[in-house]
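Per-entry structural report
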Amino acid sequence: MRIATSTRSVHLVDLGIDPDFQSTIEVPAGICRLTIRGDGPIELSPLDGPNAEPNSASGGEVLVEPVPRGRELRLLVAAAPGTVVRVNGELDLGLASLEPGDVMQVADRVVHLAEHVHCVIGTAPAELAERLCPVCQKPARTDPVYLCPACGAPVHCRPDDGTGEVEGRQCLLGRECPCCRSAVMTDGYRQLPEL
Ligand SMILES: [Zn+2]
Ligand SMILES: [Zn+2]
């Protein structure tokens, strides 16, 4: 059986100039430069990485960095002098901390923040093997677990292997994490913009 994993990342959803056009990109760890070239899709490039290049965008310069804050994921956004960034419609000229669901506007471009969650149900990883399931108070290692992407709690959960055969203890009842009450998700977006 696979090892249980849980990852979260911030994605930028660019609705584009053309309403039929939409692109979504993941914000990698570290500081990235957000670039907008003409009508093209938004681009992210590592500030100091091998692909770093001088900023040639006409829309100004914006730096972004994803940071965890408690159970939340935030995106730090810093605008260079002269670059106007609006956050949720408000003018913001300096450093802002955005959360999934927020909308920022750089030049004429509207960019939504969405959180992407990817979880695999399976055997508890070694470092969490002795953590207690919040429901049955038995160690995580005894049965397959779901790792809550928000609080990290391992909760016993029967994996669906596609064959219809399920094994193990089912402590995950309902659609909320019994520990932090955040929604149970295995793969997908939170806070996608309404289209
Ligand atoms: Zn349990
Ligand atoms: Zn939780």
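Note that this is a predicted model, so its numbers are computed, not measured. (Residues numbered from 1 in each chain as written. Chains lettered and ligands numbered in written order. Predicted model: local features only at pLDDT ≥ 70, side-chain atom pairs only at ≥ 80, totals over all residues.)

Attention now moves to the overall build of the chain. Within the chain, the regular secondary structure consists of zero helices and 14 strands. Reading the secondary structure of the chain in the N-to-C direction produces β-β-β-β-β-β-β-β-β-β-β-β-β-β. For the chain, buried positions account for 28% of its 195 residues. For the chain, long-range pairs separated by at least 24 residues make up 47% of all intrachain contacts whose partners lie at least 6 apart in sequence. (Helix = DSSP H or I, 4+ residues; strand = E, 2+ residues; numbered from the N terminus. Buried ≥ 20, exposed ≤ 12 C-beta atoms within 10 Å, placed from the backbone. Contact = placed C-beta atoms within 7 Å.)

Quick look at the pairing of strand 1 (residues 5–14) now. Where strand 1 meets strand 11 (residues 109–120), 10 bridges bridge the pair, whose relative direction is antiparallel. Opposite S9, over in strand 11, you have H116 as the bridge partner. (Pairing = 2+ DSSP bridges.)

Moving on, we get to the sheet that holds strand 9 (residues 95–98). Each strand in a sheet pairs with another by means of backbone hydrogen bonds, the pair being arranged parallel or else antiparallel. Across the sheet, which stays open at both edges, the five strands sit in the order 4-3-5-6-9 with antiparallel pairing between neighbours. One side of each edge strand has no neighbouring strand; the edge strands of this open sheet are strand 4 (43–46) and strand 9. This sheet shows a mean twist of 30 degrees between the axes of neighbouring strands, independent of strand direction. Relative to strand 4, strand 3 (residues 32–35) runs antiparallel, the two being bridged by four bridges. Looking at strand 4, one finds that R33 is bridged to S45. (Axes fitted to C-alpha atoms, helices over the stretch in contact; angles between N-to-C directions.)

Positive phi is not limited to glycine here, since Q137 has a value of about 65 degrees. The topology assignment puts Q137 in the loop between strand 11 and strand 12 (145–147). Of note, R181 is a non-glycine position whose phi angle comes to about 70 degrees, a positive value.

Function-wise, these values are silent; they only describe arrangement.
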